[in-house]
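Spelled out from the first residue to the last, the chains are:
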Amino acid sequence: MSFGKMVELLQRKDNGKIILVNSGSFYIARGRDAVKLNEILGLKLLCMEPEVCKIGIPVNSIETYMKKIEEKEYSCIC
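Residue positions are given per chain, counting from 1 as you read along its sequence in written order. Restriction of local features to residues with pLDDT of at least 70 applies here, the model being predicted, together with a cutoff of 80 or more for giving and counting side-chain atom pairs; totals for whole chains, interfaces and linings are based on all residues. Hydrogens and water molecules were not included; the side-chain quantities draw on all heavy atoms of the structure.

## A few points about the sheet that holds strand β4 (residues 46–49)
One open sheet accounts for four strands, arranged β2-β3-β5-β4; its pairing is antiparallel. With one partner strand each, in any of the chains shown, β2 (21–23) and β4 form the two edges of the open sheet. Between one strand and the next, the sheet's axes are offset by a mean angle of 35 degrees, whatever the strand orientation. DSSP-based pairing: two strands are paired if at least 2 bridges between them are found. The numbering of helices and of strands both runs from the N terminus, where a helix is a DSSP run of H or I of at least 4 residues and a strand a run of E of at least 2. Taken together, the five bridges between strand β3 (residues 26–30) and strand β5 (residues 52–58) define a ladder with antiparallel strand orientation. Between N-to-C directions, angles cover 0 to 180 degrees, with each direction set by a line fitted to C-alpha atoms, over the stretch in contact for helices.

## A closer look at the packing of aromatic side chains
Stacked, tilted and edge-to-face are the three classes assigned to paired rings of Phe, Tyr and Trp, where Trp is represented by its six-membered ring and a pair needs centres within 6.5 Å; plane angles under 30 degrees give stacked, over 60 edge-to-face, the rest tilted. Under the defined criterion, the tally for this structure stands at zero aromatic pairs. Throughout this description, the term charge over a ring refers to an Arg CZ or Lys NZ atom that lies within 6 Å of the ring centre and within 35 degrees of the ring normal. Stacked on the ring of Y65, the Lys or Arg K68 has its end atom at 5.2 Å from the ring centre.

## Quick notes on the nonpolar core
Core analysis: the largest hydrophobic core is formed by 15 residues, its most contacted members being I18, L20, L37, I55, I57, I62 and C76. Within the residue set of this core, elements represented by two or more residues are β3, α2 (31–41), β5 and α3 (62–71). Contacts are assigned to residue pairs that have any heavy atoms within 4.5 Å of one another. If sequence neighbours within four positions are ignored, I18 has contacts with D33, K36, L37, I40, I69, Y74, S75, C76 and I77. The nonpolar core is taken to be a set of buried Ala, Val, Leu, Ile, Met, Phe, Trp, Tyr and Cys residues, with the residues joined through side-chain atoms within 4.5 Å. Per-residue accessibility, obtained with a 1.4 Å probe over protein chains only, is compared with the maximum for each type, and a residue is labelled buried under 20%, exposed over 50%, and partly exposed between these values.

## Things to note about the pairing of β4
Relative to β5, β4 runs antiparallel, the two being bridged by three bridges. Across the sheet, the residue bridging to E49 is V52, located in β5.

So yeah, pure geometry; function would need other evidence.
Below, the structure written as structure tokens:
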């Protein structure tokens, strides 16, 4: 199963939660989750095509960003 399909399945299953997937040195959010993180945290959004976007959070910074996400009253799955 491709990375994109896996994220889509998790997004459907855990609707309302931001999905972050570990990919080496980063946690990656894709699609609507990436757009949401851009809105609430101001992280740089990389869009390859319209609605095909991603954001990366360095593994060594994840705790800081998790606190910020929770402060904005969102929840996520890593």
